[in-house]
Amino acid sequence: MKTVLMVAEKPSLAQAIAKILSRGNMSSHKGLNGACSVHEYTGSFGGQSVRFKMTSVCGHVMTLDFTGKYNHWDRVDPAELFSKAPTEKKEANPKLSMVKFLQVEGRGCDYIVLWLDCDKEGENICFEVLDAVLPVMNKPRGNEKMVFRARFSSITDTDICNAMGRLGEPDHNEALSVDARQELDLRIGCAFTRFQTKYFQGKYGNLDSSLISFGPCQTPTLGFCVERHDKIQSFKPELYWVLQAKINPDKDSSVILDWDRVRVFDREIAQMFLNITRMEKEAKVEGTSRKEKAKQRPLALNTVEMLRVASSSLGMGPQHAMQIAERLYTQGYISYPRTETTHYPENFDLKGSLKQQANHPYWAQTVKQLLADGINRPRKGHDAGDHPPITPMRSATEAELGGDAWRLYEYITRHFIATVSYDCKYLQNTISFQIGPERFTCSGKTLISPGFTEIMPWQSIPPEESLPSCQKGDIFALSEVKMLEKQTSPPDYLTEAELITLMEKHGIGFQLLCTSCPLSPISFPPLALPRPHSSQQKHWERSSTDASIPVHINNICQRNYVTVESGRRLRPTNLGIVLVHGYYKIDAELVLPTIRSAVEKQLSLIALGKADYQQVLEHTLNIFKRKFHYFVDSIAGMDELMEVSFSPLAATGKPLSRCGKCHRFMKYIQAKPSRLHCSHCDETYTLPQNGTIKLYKELRCPLDDFELVLWSSGSRGKSYPLCPYCYNHPPFRDMKKGMGCNECTHPSCQHSLSMLGIGQCVECESGVLVLDPTSGPKWKMACNKCSVVVHFFENAHRVRVSADTCEACEAALVDVDFNKAKSPLPGDETQHTGCVFCDPVFQELVELKHAAPCHPMHRSGPGKRQGRGRARGRRPAGRLNPRRPKDKMAALAAYFV
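Because the structure is predicted, anything quoted here is derived from the model rather than measured.

Undergrad: Account for the overall build of the chain, naming residues and giving values.
TA: Within the chain, the regular secondary structure consists of 23 helices and 31 strands. Each of the 897 residues in the chain was classed as buried or not, and the buried ones make up 53%. Partitioning the contacts of the chain with sequence separation of at least 6, the portion at a separation of at least 24 is 69%. With an accessible surface of roughly 40400 Å², the chain has 48% of that area assigned to carbon and sulfur atoms.

Undergrad: Describe the pairing of strand 11 (residues 282-295), with residues and values.
TA: Examined bridge by bridge, strand 11 and strand 14 (residues 475-487) share three bridges and lie antiparallel to one another. Among the inter-strand pairings, alanine 283 is bridged to a residue of strand 14, identified as phenylalanine 476. Strand direction decides the pairing type here: strand 11 and strand 12 (residues 424-435), joined by eleven bridges, are antiparallel. Of the residues in strand 12, the one forming a bridge with glutamate 292 is leucine 427.

Undergrad: Before we move on, can you summarise the pattern of salt bridges with the specific residues and values?
TA: Within this structure, the stated rule accounts for 32 salt bridges. A salt bridge links glutamate 326 to arginine 338, with the shortest nitrogen-to-oxygen separation between them at 2.9 Å. One end of the pair, glutamate 326, is in helix 9 (residues 318-330); the other, arginine 338, is in the loop between helix 9 and helix 10 (350-355), and twelve residues separate them in sequence. Counted as one network, the salt bridges with shared partners bring together Lys10, Glu326 and Arg338.

Undergrad: Could you give an account of the layout of surface pockets, naming the residues involved and the relevant values?
TA: Taken as a whole, the second largest pocket encloses approximately 510 Å³ of empty space. What lines the second largest pocket is a set of 23 residues, and nearest its centre among them are Ser715, Ser775, Lys778, Lys780 and His791. Broken down by secondary-structure element, the contributors of at least two residues to the lining of the second largest pocket are strand 21 (692-700), strand 22 (707-712), strand 27 (788-792) and strand 31 (846-850). In terms of residue count, strand 21 provides more of the lining of the second largest pocket than any other element does, four residues in total. For the lining of the second largest pocket, the per-class residue count stands at seven nonpolar, seven polar and nine charged.

Undergrad: Tell me what's going on with the nonpolar core, and back it up with residues and numbers.
TA: Residues Met6, Ile112, Trp115, Val129, Phe152 and Leu408 are the most contacted members of the largest nonpolar core, which totals 149 residues. When sequence neighbours within four positions are dropped, the list of residues in contact with methionine 6 reads Leu21, Tyr41, Phe52, Lys53, Met54, Thr55, Val113, Trp115 and Met164. Judged by nonpolar contacts, the second largest core, of 35 residues, contains Leu769, Trp779, Val801 and Val846.

Undergrad: Explain unusual backbone geometry residue by residue, including any values.
TA: Cis geometry marks the peptide bond from glycine 776 to proline 777; its omega dihedral reads 10°. Of note, the phi angle at glutamate 698 is positive, near 60°, even though the residue is not glycine. In this fold, glutamate 698 is placed in strand 21.

Undergrad: Describe the packing of helix 8 (residues 303-312) against helix 9, with residues and values.
TA: The interhelical angle for the contact between helix 8 and helix 9, taken along N-to-C directions, is 120°, at an axis separation of 9 Å. Accordingly, the angle class assigned to the pair helix 8 and helix 9 is oblique. In terms of crossing hand, the pair formed by helix 8 and helix 9 is right-handed. Of the residues in helix 9, those touching helix 8 at Thr303, Met306, Leu307 and Ala310 are Pro318, Ala321, Met322 and Ala325. Taken together, the residues of the contact of helix 8 with helix 9 sort by class into seven nonpolar, one polar and no charged.

Undergrad: I'd like a rundown of the sheet that holds strand 28 (residues 796-805), residues and numbers included.
TA: Taken together, the three strands give an open sheet; going across it, the order is 28-29-30, and neighbouring strands pair in antiparallel fashion. Both outer strands of the open sheet, strand 28 and strand 30 (831-834), are each paired with one neighbouring strand and no more. Pairwise comparison of adjacent strand axes, ignoring direction, gives a mean angle of 15° for this sheet. Alignment of strand 28 against strand 29 (residues 812-818), held across six bridges, turns out to be antiparallel. In the sheet register, arginine 800 faces strand 29, and the bridge partner there is aspartate 815.

Undergrad: Describe the sheet that holds strand 14, and please don't skip the residues or the numbers.
TA: Spatial ordering of the closed barrel is given by 9-10-13-12-11-14, a layout of six strands whose pairing is antiparallel. Strand-to-strand twist in this sheet, taken as the mean axis angle between neighbours without regard to direction, amounts to 40°.

Undergrad: An account of the packing of aromatic side chains is requested, with residue identities and associated values reported.
TA: Enumeration according to the criterion identifies 36 aromatic pairs in this entry. When the centroid spacing of 6.1 Å and the interplanar angle of 75° are considered together, the rings of phenylalanine 195 and phenylalanine 631 count as edge-to-face. Of this pair, phenylalanine 195 sits in helix 5 (residues 172-201) while phenylalanine 631 sits in helix 19 (residues 613-633), and the two are 436 residues apart along the sequence. Aromatic pair phenylalanine 793 and phenylalanine 818: ring centres 6.3 Å apart, planes at 85°, arrangement edge-to-face. Of this pair, phenylalanine 793 sits in the loop between strand 27 and strand 28 while phenylalanine 818 sits in strand 29, placing them 25 residues apart in sequence. In this structure phenylalanine 818 comes out as buried when scored by relative accessible area, which is 3%. Grouping aromatic residues by their ring pairs yields a cluster made of Phe82, Phe192, Phe195, Tyr199, Phe200, Tyr204, Phe214, Tyr583, Phe628 and Phe631. Sitting over the ring of tyrosine 240, arginine 263 keeps its end group 4.7 Å from the ring centre. Above the ring of tyrosine 333, the side-chain terminus of arginine 394 is found at 4.0 Å from the ring centroid.

Undergrad: Now, about the packing of helix 6 (residues 218-234) against helix 17 (residues 574-586): what can you tell me, with residues and values included?
TA: For the pair helix 6 and helix 17, the least separation of the axes is 9 Å and the interaxial angle reads 100°. Classified by the interaxial angle, the pair formed by helix 6 and helix 17 is roughly perpendicular. In contact with Thr219, Leu222, Gly223, Val226, His229 and Asp230 of helix 6, helix 17 contributes Gly576, Ile577, Val580, His581 and Tyr583. Looking at the contact of helix 6 with helix 17 residue by residue, the classes come out as five nonpolar, five polar and one charged.

Undergrad: How would you sum up helix 4 (residues 157-165)? Please name residues and give values.
TA: Every buried residue of helix 4 is accounted for by Asp159, Ile160, Ala163 and Met164. One side of helix 4 holds all its buried residues, which, seen down the axis, span an arc of 135°. Summarising the geometry of helix 4, the exposed residues directed more than 90 degrees from the buried face are Asp157, Thr158 and Gly165.

Undergrad: Break down the pairing of strand 2 (residues 27-30) for me, with residues and values.
TA: Relative to strand 3 (residues 37-45), strand 2 is paired through four bridges, and the arrangement is antiparallel. By the bridge assignment for strand 3, histidine 29 is matched with valine 38. Taken together, strand 2 and the strand that follows it, strand 3, pair antiparallel across an intervening segment of six residues, in which glycine 34 is found at a positive phi of about 75°.

The rules behind these values
- Residue indices follow the written sequence of each chain, beginning from 1 at its first position.
- This being a predicted model, a pLDDT of at least 70 is required before a residue's local features are given, and a value of 80 or more before pairs of side-chain atoms are given or counted; all residues contribute to the totals for chains, interfaces and linings.
- As a rule here, side-chain values come from all non-hydrogen atoms in the structure, and water together with hydrogens is ignored.
- Runs of E in the DSSP output that reach at least two residues are strands. Runs of H or I that reach at least four are helices, and both are numbered from the N terminus.
- The cut-offs for exposure are 20% and 50% of the maximum accessible area for each residue type, with area from a 1.4 Å probe on protein chains only; residues under the lower value are buried, those over the upper are exposed, and the others partly exposed.
- When checking whether two residues touch, look at their non-hydrogen atoms; a contact exists if any pair is within 4.5 Å.
- Using the Shrake-Rupley algorithm and a 1.4 Å probe, accessible areas are obtained, with residue cover drawn only from the displayed protein chains.
- DSSP calls a pair of strands paired once it identifies at least 2 bridges connecting them.
- Salt bridges are defined as contacts in which a side-chain nitrogen from Lys or Arg sits within 4 Å of a carboxyl oxygen from Asp or Glu.
- With a 1 Å grid laid over protein atoms only, a set of points is called a cavity when a 1.4 Å probe fits there but cannot get out and a pocket when it is open yet has protein on both sides within 12 Å along at least five of seven lines; lining residues have an atom within 4 Å of a point.
- Grid points are joined across faces, edges and corners, and a volume is the space filled by probe spheres set on the points.
- Gly is placed with the polar residues, together with every amino acid not listed as nonpolar (Ala, Val, Leu, Ile, Met, Phe, Trp, Tyr, Cys and Pro) or charged (Asp, Glu, Lys and Arg).
- Residues enter a nonpolar core if they are buried and are Ala, Val, Leu, Ile, Met, Phe, Trp, Tyr or Cys, with the set joined through side-chain atoms within 4.5 Å.
- With axes taken as lines fitted to C-alpha atoms, and helix axes fitted only over the stretch in contact, angles between N-to-C directions fall between 0 and 180 degrees.
- Geometric relationships in this document are graded by angle, where less than 35 degrees denotes roughly parallel, more than 145 denotes roughly antiparallel, 65 to 115 denotes roughly perpendicular, and other angles denote oblique.
- Each crossing is labelled by how the near helix is turned from the far one, with a counterclockwise turn of less than a right angle marking it left-handed and a clockwise turn marking it right-handed.
- Geometry of aromatic contacts follows a simple scheme: Phe, Tyr and Trp rings, the Trp one being its six-membered ring, pair when their centres are within 6.5 Å, and the pair is stacked under 30 degrees between planes, edge-to-face over 60, tilted otherwise.
- We count a charge as sitting over a ring when the NZ of a lysine or the CZ of an arginine lies within 6 Å of the ring centre and within 35 degrees of the ring normal.
- To obtain the arc, one takes the directions from the helix axis to the C-beta atoms.

As structure tokens, then:
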């Protein structure tokens, strides 16, 4: 029996699809990576009986990265990244071992069906899966087809079964367009981000941002926010005056009349008009009009409109709303939430989708009435040719979804019902009045038929004061005429909804479809996603493929370029303002949205097969290489703006520890990224982030005479000492930049791993549990790689690591000296030496915890977490023995838990 391998984009999606296709008759088991499950069942494929294996990936399998030295900020001139630096494909998440997992599941399979998301990113992942799986699959016989692509828009029985019945092929051109975007993002983004980050962080101490990043969509997005800020700052309020009249149709009611001139900006003229009208005692009706009007039902819902409403009405940030929408999609509640289309195809089953809501407790009556009267065909919108509009696919209740998921689902459902409802109809009534030489009017609306506003009540026609019944020539007593003084007000800061509208208008966050756009030698935008330092690097590589509006807005918030205020308004920070003004001063094309659209058009031409992949890459990179060199040569222009807003390193921070070179105090700069700066030597030393730094007992490093500092993540977390110089310049070959004393392999330093290391970590294979000498009287040891923290020997007077090792597990023995009054040892003893892992006396005194929350997948035993290498000190060689049996490690982990 032949085997068909099927691969989806997410584990939850794979389970849902397999459940539909197998009709629930399937067996499931976890794959070797612990993250993806494999669902198996038998069925028919191509007229033959086969065994199906359904599994998934977790997003992109591979990511693009530089090789070797080009990944190190300090070793390479950023200008070399445009052409000289070679790139390679690496696993996006090495911890998942996704390539190995796919090869194990694909070995011996005869066919493969790709169920990746039906967009350009999904096509790109298709070929990443094929590169991993095809070499281990059975070879086809002759010209037999073995690769199939399923295209679908929702996780429903009908859509999934239809997709299985009309399998196609993956689109190589669309995958190439994503490859081109990744390489442009990598090269251009790294070059600009590395240069300006190093330049400005080396000069200013209060930037309060760990990365001065430059992004292809991020920078124009920030530009919109700063442009609005500039308008607010330059706005000059202006006084104006209006006239307001009031009539009394009867004793119990009054009507306010609006001046036809609206307003005047000269007080004397306004006073003149007021004097004229005040002389009159009556208002004469000059004319009346009654016109029937309609408020149109909304267009079908696309991604942009959903995000706008989520921000403005539901109070959800775009990133959060998109995550919820994707979860609702994978659970089968809505159709695919990433679509630009607002037009339903003629064959879309609108009636079937509406029937799903016929018994819902909130809108059943409205739906049943629509089904009885006949649904109204939705308005004709824009067909982008990607996916149908966002549509509810099955009914759900508030108790079933809860919280924000319910609120978003409720809006999507109400919007869909509104699109097949009728327009809201009302009467527009207007009465014109003559008061002396001046004209005034009053108007009101009378509801005829609520239409779609019945299901979207916030769109309904508000009740207004009833207008007096009158006809031309009628006279009403004038009770009051007054002049109001007002002033023009500046625009407010952009809301997320307004920013989303601007981004849509300028094509920011979209891959524009263009059928005829020649390669232009001048109009190319900056395609650059930032590349932070080592620990953040992989996150940016993975997110660089997710070209969507929520990501770009989230980026400028995370980079501290804007802050989100009440009403979800985006106020630019000082740093964001200076950056945008600096870009405008040097090269406006780096921030203008128009330049961004040009490259997007070229990428779309690659996707359509109308442009050459290599030609677009070379042409764009050549342009931006010249832009980069000009930016570097002109950086003084941006620096002049920085000098006004930020303080130099020498004037920032507070004295903390002494420099080993000049023996003067270095200043601790607490603003992100926290670092030490020696103004005398003009040297800056990076420090571990996301914790507190303080002086460590005025002790010095024996290698370079720098005073040690202590990093701590809190009383319940980890802490370790470090030498600022060694942290930035590793003293031994087996050490890497960013290692503290708990990873230092110095053979005799009292603070090093060699002296304080106890035993191999009970969870990760490469970590070592190291005694924290500052933790007493609540003593603990912590893994120098992962988040494991072991609490032991509370109230002990002294804890030391012995030179001897345990015969059973090769861990270092520990000498413990308890206070006599609080000793837990038997027989009133105060001193004991033993193994933390094996000694029965210590068993009740040890407790395993985690310094920080981690994914459950990473807490299920050894082998799931990986560090940066195994420390090799002189004394603890036995306790770091890599040949320790894994069953012993599992037993230790079970003992602690």
